Amino acid sequence: MDATSAQTPVFSRNTTRTADGALAVAGRDVRDLAAEFGTPAYLVDVDDARRRAREYRVEFARAFEAIGAHCDVFYAGKAFLSVAMAKLVLEEGLHLDVCTGGELAVAQRAGVPGEAIGMHGNNKSVAEIDAAIAAGVGRIVVDSFEEIDRVADAAARAGVRAKVMLRVKTGVEAHTHEFIATAHEDQKFGFSLDGQVSDAVRRVLARDELELLGFHSHIGSQIFESDGFAVAAERLIGLQLKVAQEHGVDLPELDLGGGFGIAYLPDDVPLAPADMADQLAAIVQKACAAAGTAIPRISIEPGRSIIGPAGMTLYTVGTVKPVVVDDDLTRTYVAVDGGMSDNPRPVLYDADYHCEIAGRAGEPTALSRVVGKHCESGDIVVRDVLLPADVRAGDLVLVAATGAYCRSLASTYNHVPRPPVIAVDEAGARPWLRRETIEDLLLLESE
């Protein structure tokens, strides 16, 4: 099977068109994948995910070594996590960020060493903190005053000294959707700059069971420019200088978070890892020079930008319905066999996606809206896209860039089982996560 044309840029690097116009992932025709695994199905271009993880490790190491510093890359597991994905991250030399006991359990099942794990979360339970300390996680990001004592008490029970970072609201307004902007004041994450952080530092330093590594910031998600990181870095480094002056403690680490954007639509132009690495290294170097301090050990937390572009969702068309919107507009509603249960991002964030007819050739000329099968008018997969005018029941549709926050946020709304995650590479195709079944749902019932 020969690939005859390059893929649309939003699809994974190894997605191509076959000689007869079908899409193929890593050389596997989507028609064959649909026949073997059914639809809907999440597809992961494993080589693409692996290359993106490697790019972050290599490029950030290069950029920060050039300024005499070190940068750790933590994969943000909330974007998508499975045992196989955690193993991939570990094999590529990345650390892993988790934010619940469940994510920690997956990391442990994958064999990720405790010191390579960071634990997040704004309301960690005592059980989750105990589990993190028992696992020997490399750091716990503390998000509230209550948590300072919870982590210290858990460390005391275990007879260890827990390494912690304090999450800070840097006041940076990231240019993104309000639900994924996380550094402004009126939201749940972190300590405010107005004195809360200083109080938190005093409380941590007063507990012998805790070792304060430094500060953590996350300004938001789906960010295409580095300006916000510059402001956040300047404020965090200023805080670390203040701690050194007031308490005589040099904090060795600083986490700038993640949120690096990806291309969901063909016109999106995100920064490449090399460019983001160069820009963040320059930002940190400048901020530290201005403050007159040594450059701390830096860490970042990409998630979406590693797994997002490598993932796609394959659907089958069930019905096609032309709708006359007005005298000048007719829109074709194309209903597929999934929807908001396997991708809630459009209804949560007004997220836009791109899709194409995947099982055959066809000129995209008809204004279409791809919708799901759920009992909600907001159940929209792709709001506006051009598809062939002859789109019909049985056609395969491939939606690009669904690797992040689709399977992670998936539900069983309307008792629709969640799709499988199918890993595809040169070795073939296999499930990373099997398809959920009706029987799985009924196992939860108590009759």
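Let me sum up the structure you'll find in this document. (Residues numbered from 1 in each chain as written. Predicted model: local features only at pLDDT ≥ 70, side-chain atom pairs only at ≥ 80, totals over all residues. Heavy atoms only, no water.)

### Considerations on the packing of aromatic side chains
- In the structure shown here, the tally under the stated rule is eight aromatic pairs.
- Note on Tyr56 and Phe260: the rings are 5.8 Å apart at their centroids and 15° apart in plane angle, and the pair reads as stacked. Separated by 204 residues along the polypeptide, Tyr56 in helix H2 (residues 46-65) and Phe260 in the loop between strand E11 (253-255) and helix H9 (273-291) bring together distant segments of the chain.
- By relative accessible area, Tyr56 is classed as buried at 3%.
- The exposure class of Phe260 is buried, given its relative accessible area of 4%.
- Note on Phe60 and Phe260: the rings are 6.3 Å apart at their centroids and 25° apart in plane angle, and the pair reads as stacked. Residue Phe60 is found in helix H2, and its partner Phe260 is found in the loop between E11 and H9; the two are separated by 200 residues along the sequence. (Phe/Tyr/Trp six-rings, centres within 6.5 Å; stacked < 30°, edge-to-face > 60°. Helix = DSSP H or I, 4+ residues; strand = E, 2+ residues; numbered from the N terminus. Buried < 20%, exposed > 50% of the residue type's maximum accessible area, 1.4 Å probe, protein only.)

### Focus on the packing of helix H5 (residues 126-135) against helix H6 (residues 145-158)
- One way to put it is that H5 packs onto H6 with a least axis distance of 9 Å and a crossing angle of 50°. Between H5 and H6, the angle is such that the two are oblique. As H5 packs across H6, the resulting crossing turns out to be right-handed. Across the interface between the two elements, Val126, Ile129, Asp130 and Ile133 from H5 touch Glu147, Arg150, Val151, Ala154, Ala155, Arg157 and Ala158 from H6.
- The class makeup of the residues in the contact of H5 with H6 is seven nonpolar, no polar and four charged. (Axes fitted to C-alpha atoms, helices over the stretch in contact; angles between N-to-C directions. Parallel < 35°, antiparallel > 145°, perpendicular 65-115°, else oblique. Left-handed = near helix turned anticlockwise from the far one by under 90°. Contact = heavy atoms within 4.5 Å. Nonpolar A, V, L, I, M, F, W, Y, C, P; charged D, E, K, R; others polar.)

### Some points on the nonpolar core
- Phe60, Phe64, Tyr75, Phe215 and Ile307 are the most contacted members of the largest nonpolar core, which has 128 residues in total.
- It is H9 that provides the largest number of residues to this core, a total of eight residues.
- In contact with Phe64, not counting residues within four places along its chain, are Ala69, His70, Cys71, Ala277, Leu280, Ala281, Val284 and Ile298. (Core = buried A, V, L, I, M, F, W, Y, C linked by side-chain atoms within 4.5 Å.)

### Observations regarding the sheet that holds strand E5 (residues 71-76)
- Spatially, the eight strands close up into a barrel ordered E5-E6-E7-E8-E9-E10-E11-E12, and their pairing is parallel. Direction aside, the axes of adjacent strands within the sheet are offset by 30° on average. (Pairing = 2+ DSSP bridges.)

### Focus: H2
- With 20 residues, H2 extends 28 Å from end C-alpha to end C-alpha; this agrees with the ideal 28 Å at 1.5 Å per step.
- Buried residues of H2: Val46, Asp48, Ala49, Arg52, Ala53, Tyr56, Phe60, Ala63 and Phe64, and no others. (Expected span 1.5 Å × (residues − 1).)

### Details of the pattern of salt bridges
- In the structure shown here, the tally under the stated rule is 29 salt bridges.
- Across the pair Asp390 and Arg360 runs a salt bridge whose closest N-O atoms are separated by 3.2 Å. One end of the pair, Asp390, is in the loop between strand E17 (380-388) and strand E18 (396-399); the other, Arg360, is in the loop between strand E15 (355-357) and strand E16 (364-371), and 30 residues separate them in sequence.
- You can call Asp390 partly exposed: its relative accessible area is 41%.
- Overall, the relative accessible area of 15% leaves Arg360 in the buried class.
- Here Arg360 ties to Asp395 by a salt bridge, and the two come within 2.8 Å at their closest N and O atoms. Linking Arg360 in the loop between E15 and E16 with Asp395 in the loop between E17 and E18, this pair joins segments that are 35 residues apart in sequence. Of the two residues examined, Arg360 and Asp395, each falls in the buried class. (Salt bridge = Lys/Arg side-chain N within 4 Å of Asp/Glu carboxyl O.)

### Here we look at the sheet that holds strand E2 (residues 23-25)
- Strand order in the open sheet formed by three strands is E1-E2-E3, and the pairing between neighbours is antiparallel. Strand pairing shows two members of the sheet lacking a second neighbour, strand E1 (15-17) and strand E3 (28-29), which therefore form its edges.

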